[in-house]
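Report on the structure
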Number of protein chains: 8
Amino acid sequence: MTDHYDSIESLLQAIKTNQLSVSDAKAELNQYDELGFAKIDLHRSKRQGFPEVIFGEGKTEKHLIKIIHSLLLHEETVLITRINSEKANTIITKYPQLEYHATANIVCTRLNYIHKTERQTAIICAGTSDLPVAEEAAVTAEVMGISVKRFYDVGVSGIHRLFAHIEDIRACNVSVVVAGMEGALSSVVAGLVDHPVYAVPTSIGYGANLDGVTTLLSMVNSCAPGTSVLNIDNGFGGGYNAAMIINMLEHHSKME
Amino acid sequence: MTDHYDSIESLLQAIKTNQLSVSDAKAELNQYDELGFAKIDLHRSKRQGFPEVIFGEGKTEKHLIKIIHSLLLHEETVLITRINSEKANTIITKYPQLEYHATANIVCTRLNYIHKTERQTAIICAGTSDLPVAEEAAVTAEVMGISVKRFYDVGVSGIHRLFAHIEDIRACNVSVVVAGMEGALSSVVAGLVDHPVYAVPTSIGYGANLDGVTTLLSMVNSCAPGTSVLNIDNGFGGGYNAAMIINMLEHHSKME
Amino acid sequence: MTDHYDSIESLLQAIKTNQLSVSDAKAELNQYDELGFAKIDLHRSKRQGFPEVIFGEGKTEKHLIKIIHSLLLHEETVLITRINSEKANTIITKYPQLEYHATANIVCTRLNYIHKTERQTAIICAGTSDLPVAEEAAVTAEVMGISVKRFYDVGVSGIHRLFAHIEDIRACNVSVVVAGMEGALSSVVAGLVDHPVYAVPTSIGYGANLDGVTTLLSMVNSCAPGTSVLNIDNGFGGGYNAAMIINMLEHHSKME
Amino acid sequence: MTDHYDSIESLLQAIKTNQLSVSDAKAELNQYDELGFAKIDLHRSKRQGFPEVIFGEGKTEKHLIKIIHSLLLHEETVLITRINSEKANTIITKYPQLEYHATANIVCTRLNYIHKTERQTAIICAGTSDLPVAEEAAVTAEVMGISVKRFYDVGVSGIHRLFAHIEDIRACNVSVVVAGMEGALSSVVAGLVDHPVYAVPTSIGYGANLDGVTTLLSMVNSCAPGTSVLNIDNGFGGGYNAAMIINMLEHHSKME
Amino acid sequence: MTDHYDSIESLLQAIKTNQLSVSDAKAELNQYDELGFAKIDLHRSKRQGFPEVIFGEGKTEKHLIKIIHSLLLHEETVLITRINSEKANTIITKYPQLEYHATANIVCTRLNYIHKTERQTAIICAGTSDLPVAEEAAVTAEVMGISVKRFYDVGVSGIHRLFAHIEDIRACNVSVVVAGMEGALSSVVAGLVDHPVYAVPTSIGYGANLDGVTTLLSMVNSCAPGTSVLNIDNGFGGGYNAAMIINMLEHHSKME
Amino acid sequence: MTDHYDSIESLLQAIKTNQLSVSDAKAELNQYDELGFAKIDLHRSKRQGFPEVIFGEGKTEKHLIKIIHSLLLHEETVLITRINSEKANTIITKYPQLEYHATANIVCTRLNYIHKTERQTAIICAGTSDLPVAEEAAVTAEVMGISVKRFYDVGVSGIHRLFAHIEDIRACNVSVVVAGMEGALSSVVAGLVDHPVYAVPTSIGYGANLDGVTTLLSMVNSCAPGTSVLNIDNGFGGGYNAAMIINMLEHHSKME
Amino acid sequence: MTDHYDSIESLLQAIKTNQLSVSDAKAELNQYDELGFAKIDLHRSKRQGFPEVIFGEGKTEKHLIKIIHSLLLHEETVLITRINSEKANTIITKYPQLEYHATANIVCTRLNYIHKTERQTAIICAGTSDLPVAEEAAVTAEVMGISVKRFYDVGVSGIHRLFAHIEDIRACNVSVVVAGMEGALSSVVAGLVDHPVYAVPTSIGYGANLDGVTTLLSMVNSCAPGTSVLNIDNGFGGGYNAAMIINMLEHHSKME
Amino acid sequence: MTDHYDSIESLLQAIKTNQLSVSDAKAELNQYDELGFAKIDLHRSKRQGFPEVIFGEGKTEKHLIKIIHSLLLHEETVLITRINSEKANTIITKYPQLEYHATANIVCTRLNYIHKTERQTAIICAGTSDLPVAEEAAVTAEVMGISVKRFYDVGVSGIHRLFAHIEDIRACNVSVVVAGMEGALSSVVAGLVDHPVYAVPTSIGYGANLDGVTTLLSMVNSCAPGTSVLNIDNGFGGGYNAAMIINMLEHHSKME
């Protein structure tokens, strides 16, 4: 629960040895900025390697600005997902250090401020209608410092499109597969690569697609080992997982 | 409704011109053998090109024997699906002109009595556990006079197995794709061939497979044109449709 | 995967014998027009007998025009489904060789430019509210060169309407049955004809219809052999399958 | 709540005028036989025209005997549904005035003790596997004094079987349609008759049948007016409703 | 299939004896008015006791007017359900013999032109939000000539409201129970009356109501005998069934 | 059913002893104000400790005013839930003794008129998007006279936020946990406190949340004893239950 | 997290002031008995007022004995649910201080060792088949020291059975309503009492009951305030909640 | 598709330069051992870093032995999941280099033959009933060469059990969280660690658990970033993914 102290034991020890007052110890358990309507989790970047991401949907412009203000004050990277163009434009006018990615519906710290890894994640999607979710994944990974290679419109029903790119996909370290009608795509990719595949079902489709539930279950059901599944339309989750893996690889390779 | 007469009009005309008595006309509408517990549809072979198929599940040995007796009396081909080995063995002992296909759970007229077409249907399945459904499709097609080519264990997660056989599959005129965990297979096949693909989901699997419902919906949801879907575990339906198409091709090619 | 060459073997042989350069061989695997936002599958007409069909929903006017441009450049037949009247009108103003079918929500190559088969498919629907899906099926078949006979408003609850037309339906080679509230219709038709029946459930209805899922499952569940099922509202799929069968019949009858 | 007294008002009046003591009035609200493990509703035959029916499933032999004893003591007709052969045989050995209907899984007062109506209900079923539910409906109606006409194995996929009997079905006053795989049957029947149709879905089937849920929803969804639906496998409910209607017709026709 | 002739046999006999020409016989099977976009079933009033009811949703004003014209021409009673106020007002301006029931969303023949039965149906509903469905049931019954007694806002959670009216409900011959959140109501009513209860679930509610599916299943699941269930929001179906029963009672009571 | 009289027996006794006339006794069963479109249950405050709560959704301004009028006339506390700002503003302009809680979508008797308990209920919620449901719970409890302590934005994925407040939560006597995406929260809370936990799932979320059904089932499924579950978005129910418990505690503690 | 210490603060303070060693503080966080295959939560009786309850299903006899041994060693009350008769009999032979409740499938500390409250909970169930779940609730409450009053077989379809007991039910402080086919029962009870109602759906039933899911959703959906819902067949949960409320009432009434 | 050759291009080049014969090139596409009933994918260990894993359920002893024989012949590691004790015992008697893990239902190469990584994966499970799935995950990871640290019985409803171990869990590089009734556990863990969390729902539970579907959806729905989800009961998938990540870390850390 504590970051400063490596374990509960060391925190308790610190109190005992008077290195830490009781009120400071208690403060350690209150590591967020209380904005009244929300509590910004400021220790998350220490605890989990990346600051709290803001889910923009349903938040007012005023609330978003307060949150951004608090994050920038603590010099955190900003990542707001599911934000519409209207709110986005107001925000980037106010904060020139942020930029708006329209297809991805994301406002974030300008990507050219961010140092990128050499290792790459592949973002693969089946149809042009899955683009917003794929881009949410891609920009999320980029804002977290990961190089991204996009493979869009490479569906299963014309499988040669996928094969034309398979070597490039294999050269990446993680794949995020985004698909609505073609749940099969994650199975096919996972059968052809030897790295982790994150499958992101989308709600794009009609009829038996059941707003993405069929694709979700079908991806979960796939028997290609090395695949795991995110929530419907959760491009952010796909990008976040991919970034976490690649950051770990970078970190561990430097460790030795 | 009538087969002898091409249309209701011609039947009515026949009554008027005294070529057909009223009681005979009425009989035309009663074209089945009343066994008390069931009515055997004896005109189906005329009406739909193949005699009534018997769904064996839940029927007693005694009932099955009465039905077979009625069918053989009218020189019809026999096809009983979903029959267990115990009942099957009693029946083939009694009727040496029939044989039992254990994996397919089928009792039928001996296949070597049946003339086969030159045109072929492919029966493709993803895993060894889908074999019973695939064999139900295969034997159904064979008893209907169709040559069958089996492609078993060619799943999507090791897609090169499928590609090794793709030319042979393309040489067939119809494909029946049977799959439980790998609903993706029908999409992939349909994207690689230019003939009709019948997708048969199976209930084999676990968890998110939901007894085949996920696979069914996922196959229905596929965007590869040329695919259509049968009920879960309905191997018979797959074989029947394939046979109907190939019989039509044979028939029309002889017509010209 | 290759069309020019009948099999992988022949392609490999061609490289070996210097008939095909390595880069050409590789090109064979890249048979699409890269538009940036999409990849047009130009070899599909060779591989599957008909060029890539464009699903119009969610595509911008600008994207649609680029795709049409690419297809016309390669002298392909154009078929865009699920397109609204506004986009449709802009397009047909720009491309006079195309026309707009309002009920079907389709823009396609003018039908009077297309040679039609003598063999026919029946398009049968139960209620006036199912018309858009039925017309999507009908126009799809027509743009693929098939003669279509429409039987609309012939539902099960007034079954004599259907019987009045049954001889005409039997004279066709395939039936596409489109129904929302009356899933029963495909069972009844399949029991009366001896050709393939494609059942297309629609989302029209209310309450227990569950946006077409009940009708879908009920059609899948039907025990009339010779039926197979498409996705909810997938009129295109029904028309495409019907066209594929009839084109095969035409092709095979000419072959002998 | 009271039967003796036509209304609450008359009961209250009876207390006031000393025709009814307070304790008797209270007793009127306790019209059941308390067996400890169950309360037999002895006034139901007065309140609803037929005594309480016993759902046999899960009840012990000992409990069933106590219930029968209580019912016979009050000279009520006995009807126990969902009872297996073992318990049934013990009971009919003990009570010779009862008989066991094996297919229907019913133990009841001997049917030849019961006077039957002239008006009839039709019990229609699609397949031999639906027989137990159809018989539960038929015997329920008979034990309630209704004449029953059975039309079994008249499914939709061979619709001429149904038409051969349609005049006889029309001659009945109610139809109970029992079907598992052929939910369509109730729609077709309701479109051909002018009396109430009770649709009883059964759990017989496989795959997309979803243990009868598909058939239930599909029957509910039917647009043929005059149909209403019972629970899956609820043959009893179908028979009970049919009997209630016919008893009302008999009663009202005698009233005038 | 024929109404003029009591059975197929009598029709066939009529042809034979020259009382009926072949073309007239054929015409008997085509008993509808072909409007191009729809076929009006003009013999339904003979076949099923009431003319075809028009489901207004999704039909254009122009189409509705053509249908009304055809019905009035044949002197049929008009009943159009699910019609919005705008279309309704245009229609009643044009046809003064029709009237608009706003809560019920119905346009129909003026009710004061219609002779009503003495026997009554009860229409019972739990909450004010279920009123439109309850009124659809009530007006449907009234236009079919049935006297209706309304019991609105008598839910289960304040059950004394229901009890205050129970004697009046018992005096009716059928009950239609309309409920969205209170599926329990049909059970409670069915346990207190001795006539048929038609349960109409509504989609009114939120959360676990699942747009009426929970209420539908819960009503189907009820163990009160004498209940049967209609589709969600199908007030028309409830009124139609009630009317059919009461018309039968009237008819049979006059017969004797 | 009666409140004045402690039991049916005492009411019957009262009639007998002429303390109560028959018509008055009958009136006791009719304890509501008949407004035509609705029946206001005026005895509920006696029967259940709080007057009838009005569900505002779908009710017209005119109807709401009539209901408020009737409630105020009988000096009842007013609580209207699910009311939009437009109707709310009209009402509070007209009735200055009422006030509008915008986030909670509630119009009620001014809270500062209401005496509050010392014992408190905790209202806990996971995300800012769950606020409207949490506030519906909070204001409901307050209008029922309960002191409320709010713990908002204390989700599971940053569990230290919850722990920072756990002692304050334990000091309350009931917890209402409101959560959409974090169904886990009710389990975690219930494992840390020794008082009743009411779990209110919300429909806030996307994809696999299935409009709150996943959260509902997941909360029901939780194995932390002491939890029970309300309908999706039913903040009112959570507040009502909490208030009922605390009122019982107050009442019983005063009793001894 | 700690029980000895009222809050984290007091525990931290205790370390600081040397009243508590670091290792003891850490031990406070490890309050369970590690049995290898399981961890018995020994502080739960302090933390939540009752020791850890053992879910017997799937646990071996050997494991159960180890757990009982650990509990008895710490003088805790024993409550094992979902245990079959075979394992139960071995255990009560070994531990004479325990007893077996066969209908409830419970082994627990002998009830006559346990002091009972004066306040009572009502356990209400609709059908004899719901008895095992009702008894699980009843015995759970009793072993937790609560007096229980059972009202069995008081279903909605014969609602006078319920009314005959309503005064006794009202005299209790909590009601637990257990019902499978009659989800309505909890609504009806909640509308008649002014105390908390815990609704426990059971999986008993068939067809549209969907193994209790329909009843669960229907109970959740009920609009009678004061109801909250437990998992399907979770009699334990019902009894536990009831006991918690009554223990709170006892405790608070003694406090003042 | 080829492993020997880094890309299709290099394979084609090899043919051209006569380094590879056409038949050898074709053989490269046929990299499996054809056993008749199955095709063993022998190149998977090259293609994906681990040989084909055998799903034991439904395979006969004879088939399993043939597969093991083929794998051992090629010196592959053996891993057979979902195998019962009977078949397992026959196999380990025959192949002493294999061993049987009873709780995990796994037969595999003896673990002490396998070199383990220093980096560890945590396998965390909530209840003793989830042990088989947790062990399937653990043994899978171990047979793939990964060190495993087990944290069993650390559920959410007694969350201090989890906190007592949190530092040890954080010291691992991946967590696999296995839970049936406590879907919350994966959220809580993911909120406390900064490495990937694989959530494996199990089908253990009852009622609203819906055979694991509720837990699956609830885990997918969780908003803790860094979580991804496997199929219900897919312990193998959890172990495989964890192993893949840790192998990548080992591999990359050695690379630099």
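Thresholds applied
- Residues numbered from 1 in each chain as written.
- Chains lettered and ligands numbered in written order.
- Predicted model: local features only at pLDDT ≥ 70, side-chain atom pairs only at ≥ 80, totals over all residues.
- Heavy atoms only, no water.
- Helix = DSSP H or I, 4+ residues; strand = E, 2+ residues; numbered from the N terminus.
- Buried < 20%, exposed > 50% of the residue type's maximum accessible area, 1.4 Å probe, protein only.
- Contact = heavy atoms within 4.5 Å.
- Pairing = 2+ DSSP bridges.
- Right-handed = clockwise from strand over helix to strand, strands pointing away.
- Lys, Arg positive; Asp, Glu negative; His and termini not counted.
- Salt bridge = Lys/Arg side-chain N within 4 Å of Asp/Glu carboxyl O.
- Polar contact = N/O pair within 3.5 Å; in protein donor to acceptor, adjacent residues only side chain to side chain.
- Phe/Tyr/Trp six-rings, centres within 6.5 Å; stacked < 30°, edge-to-face > 60°.
- Lys NZ or Arg CZ within 6 Å of the ring centre and 35° of its normal.
- Axes fitted to C-alpha atoms, helices over the stretch in contact; angles between N-to-C directions.
- Domains from an automatic or database assignment.
- Buried area = accessible area lost by both parts, 1.4 Å probe.
- Left-handed = near helix turned anticlockwise from the far one by under 90°.
- Nonpolar A, V, L, I, M, F, W, Y, C, P; charged D, E, K, R; others polar.
- Disulfide = S-S within 2.5 Å.
- Patch = residues over 30% accessible without salt bridge, like charges linked within 9 Å, V, L, I, M, F, W, Y side chains within 5 Å.
- Areas by Shrake-Rupley, 256 points an atom, 1.4 Å probe, with all protein chains shown as cover.
- Charge placed at Lys NZ, Arg CZ, Asp CG, Glu CD.
- pLDDT = per-residue confidence, 0-100.

Quick look at the overall build of chain A
The number of helices and strands found in chain A is eleven helices and eleven strands. A total of 256 residues make up chain A; the buried ones form 69% of that total. Within chain A, contacts between residues at least 6 apart in sequence are counted, and of these 63% link residues at least 24 apart.

Notes on the pairing of strand S7 (residues 120-125) of chain C
All names here are of chain C. Most of S7 sits out of view: five of its six residues are buried. Two strands pair when backbone bridges link them, and S7 and strand S8 (residues 147-152) are joined in this way by six bridges, in the parallel orientation. The residue of S8 that forms the bridge with Ala122 is Lys149. For the crossover that starts at S7, traverses helix H6 (residues 131-143) and ends in the parallel S8, the hand is right-handed. In this structure, S7 lies alongside strand S9 (residues 174-179), joined through five bridges in parallel fashion. In the strand pairing of S9, Ile124 is matched with Val177.

Some remarks on the side chain of Asp130 of chain B
You can see Asp130 of chain B is positioned in the loop between strand S7 (120-125) and helix H6 (131-143). The side chain of Asp130 of chain B sits in the buried core without any salt bridge; Lys59 of chain H is the nearest counter-charge, 10 Å away. Polar side-chain contacts of Asp130 of chain B include one of 3.3 Å to the backbone nitrogen of Gly180 of chain B. If sequence neighbours within four positions are ignored, Asp130 of chain B has contacts with Cys125, Val178, Ala179, Gly180, Thr202 and Ile204 of chain B.

Quick look at the packing of aromatic side chains
The geometry of two aromatic rings is summed up by the distance between their centres and the angle between their planes. Overall, the coordinates contain 20 aromatic pairs over all chains when judged by the stated rule. Summarising the aromatic geometry, the rings of Phe55 of chain A and Tyr206 of chain F are spaced 5.8 Å apart at their centres and angled 10° between planes, so their arrangement reads as stacked. Highlighted residues: Phe55 of chain A in strand S3 (residues 54-55) and Tyr206 of chain F in the loop between strand S10 (197-201) and helix H10 (213-221), drawn from two different chains. The side chain of Arg82 of chain D reaches across the aromatic face of Tyr206 of chain G, ending 4.3 Å from its centre.

Some remarks on the pattern of salt bridges
In a structure, side chains of opposite charge can pair up when their charged atoms sit close to one another. By the definition in use, this model includes 48 salt bridges over all chains. A salt bridge links Glu99 of chain A to Arg110 of chain A; its shortest N-O distance comes to 3.8 Å. Taken together, the residues Glu99 of chain A in strand S5 (residues 98-101) and Arg110 of chain A in the loop between strand S6 (106-109) and strand S7 (120-125) connect sequence positions eleven residues apart. According to the relative accessible area criterion, Glu99 of chain A is buried, its value standing at 17%. Its relative accessible area of 29% is what places Arg110 of chain A among the partly exposed residues. Note that Glu136 of chain C is salt-bridged to Arg82 of chain C, the shortest N-O span being 3.2 Å. Of this pair, Glu136 of chain C sits in helix H6 while Arg82 of chain C is found in the loop between strand S4 (79-81) and helix H5 (85-94), placing the two residues 54 residues apart along the sequence.

Here we look at the sheet that holds strand S5 (residues 98-101) of chain C
Hydrogen bonds between backbone atoms are what pair the strands of a sheet, whose relative direction is either parallel or antiparallel. Residues and elements named next belong to chain C. Read from one edge to the other, the open sheet built from four strands follows the order S3-S4-S6-S5, with strand pairing classed as mixed. Because the sheet does not close on itself, it has two edges, and the strands there are strand S3 (54-55) and S5. Sheet contacts for H6: S4, S5 and strand S6 (106-109); angle to S6, the most-contacted strand, approximately 10°.

Some details on the sheet that holds strand S5 (residues 98-101) of chain G
Residue and element names in this part refer to chain G. Pairing is mixed across the open sheet formed by four strands, whose spatial order is S3-S4-S6-S5. What marks the edges here is a single partner per strand, and that holds for strand S3 (54-55) and S5. Relative to strand S6 (residues 106-109), strand S4 (residues 79-81) runs antiparallel, the two sharing two bridges. By the bridge assignment for S6, Ile80 is matched with Val107.

Section: the domain arrangement of chain A
How big an interface is tends to be reported as the loss of accessible area on association of its parts. Residues and elements named next belong to chain A. Along its sequence, chain A is organised into domain 1 (31-113) and domain 2 (120-255). Computed over C-alpha atoms, the centres of domain 1 and domain 2 are 25 Å apart. With 15 residues of domain 1 at the interface, the matching set in domain 2 holds 13 residues. Carbon and sulfur atoms make up 73% of the area that domain 1 and domain 2 hide from each other, which totals about 1,100 Å². At the boundary of domain 1 with domain 2, the tally comes to two residue pairs in polar contact (both at pLDDT 80 or more). Of all the secondary structure elements, the ones that give two or more residues to the side of domain 1 that touches domain 2 are strand S4 (79-81) and S6. At three residues, the largest contribution of residues to the side of domain 1 that touches domain 2 is made by S6.

As for the packing of helix H4 (residues 61-73) of chain A against helix H5 (residues 85-94) of chain A
Residue and element names in this part refer to chain A. Between H4 and H5, whose axes approach to 11 Å, the crossing angle comes to 35°. In this structure, the crossing between H4 and H5 has a hand that is right-handed. Together, Glu61, Leu64, Ile65 and Ile68 of H4 and Lys87, Thr90, Ile91 and Lys94 of H5 make up the contact between the two elements. When the residues that make up the contact of H4 with H5 are grouped by side-chain class, the tally is four nonpolar, one polar and three charged.

Here's the deal with helix H10 (residues 213-221) of chain A
For H10 of chain A, the buried fraction is high: nine of the nine residues fall into the buried class. Residues of H10 of chain A that are buried: Val213, Thr214, Thr215, Leu216, Leu217, Ser218, Met219, Val220 and Asn221 of chain A. If you follow the buried residues of H10 of chain A, they end up packed against strand S9 (174-179), helix H9 (184-192), strand S10 (197-201) and strand S11 (227-229) of chain A, helix H10 (213-221) of chain B together with helix H10 (213-221) of chain H.

Considerations on the environment of Val78 of chain B
Residue and element names in this part refer to chain B. Counting through the fold element by element, Val78 comes out in the loop between helix H4 (61-73) and strand S4 (79-81). Relative accessible area serves as the criterion here: at 0%, Val78 is assigned to the buried category. Residues Val78 and Ile204, spaced 126 residues apart in sequence, show a C-alpha to C-alpha distance of 28 Å. Non-local contacts of Val78, meaning those with residues more than four positions away in its chain, are made with Leu71, Leu72, Leu98, Val107, Cys108, Thr109 and Val143.

A look at the environment of Phe55 of chain E
Taking relative accessible area as the criterion, Phe55 of chain E reaches 30% and is therefore assigned partly exposed. Those residues in contact with Phe55 of chain E that sit more than four places away from it in its chain are Tyr206 of chain C together with Thr81 and Arg82 of chain E.

Side note on the pairing of strand S5 (residues 98-101) of chain H
Residues and elements named next belong to chain H. Note: S5 against strand S6 (residues 106-109), four bridges, orientation antiparallel. Within the sheet, the bridge partner assigned to Leu98 lies in S6 and is Thr109. With antiparallel pairing between neighbouring strands as the criterion, S5 and S6 make up a hairpin whose turn holds four residues, including Asn105 at a positive phi of roughly 55°.

With respect to the state of the cysteines
Enumeration over the complete set of coordinates arrives at zero disulfides over all chains. Among the cysteines around Cys108 of chain C, which has no disulfide bond, Cys125 of chain C carries the closest sulfur, lying 19 Å off. Cys172 of chain F carries a free sulfur, and the closest cysteine sulfur to it, the one in Cys125 of chain F, is 15 Å from it. Judged by relative accessible area, Cys172 of chain F falls into the buried class, the value being 3%.

Remarks on a negative patch on the surface
Among the surface-exposed residues, Asp211 of chain A, Asp211 of chain C, Asp211 of chain E together with Asp211 of chain F lie close enough to one another that they form a single negatively charged patch. Position of Asp211 of chain F among the secondary structure elements: in the loop between S10 and H10.

Remarks on helix H9 (residues 184-192) of chain D
Counted residue by residue, H9 of chain D has nine buried out of nine residues, so it is predominantly covered. Of the positions making up H9 of chain D, those classed as buried are Ala184, Leu185, Ser186, Ser187, Val188, Val189, Ala190, Gly191 and Leu192 of chain D.

So, unusual backbone geometry
If you check the backbone angles, Arg82 of chain B has positive phi at about 50° while not being a glycine. Residue Arg82 of chain B is classed as buried on the basis of its relative accessible area, which comes to 16%. Within the chain, Asn105 of chain C stands out as a residue other than glycine whose phi angle is a positive 55°. Secondary-structure assignment places Asn105 of chain C in the loop between S5 and S6.

Examining the side chain of Ser228 of chain B
Looking at where Ser228 of chain B falls in the secondary structure, it is placed in strand S11 (residues 227-229). Apart from residues no more than four positions distant in its own chain, Ser228 of chain B is found in contact with Val197, Tyr198 and Ala199 of chain B together with Tyr198, Ser228, Val229 and Leu230 of chain C.

A closer look at the environment of Thr140 of chain F
Residues and elements named next belong to chain F. Note on placement: Thr140 falls in helix H6 (residues 131-143). Counting along the chain gives 93 residues from Thr140 to Asp233, while the straight-line C-alpha distance between them is 13 Å. Filtering out sequence-adjacent residues up to four positions away, Thr140 remains in contact with Leu79, Ile106, Phe236, Gly239 and Tyr240.

Things to note about the confidence of the model for chain A
In this model, chain A carries a mean pLDDT of 84, and residues with pLDDT of at least 70 account for 82%. Interface confidence for the predicted complex, given as ipTM, is 0.84, next to a pTM of 0.85.

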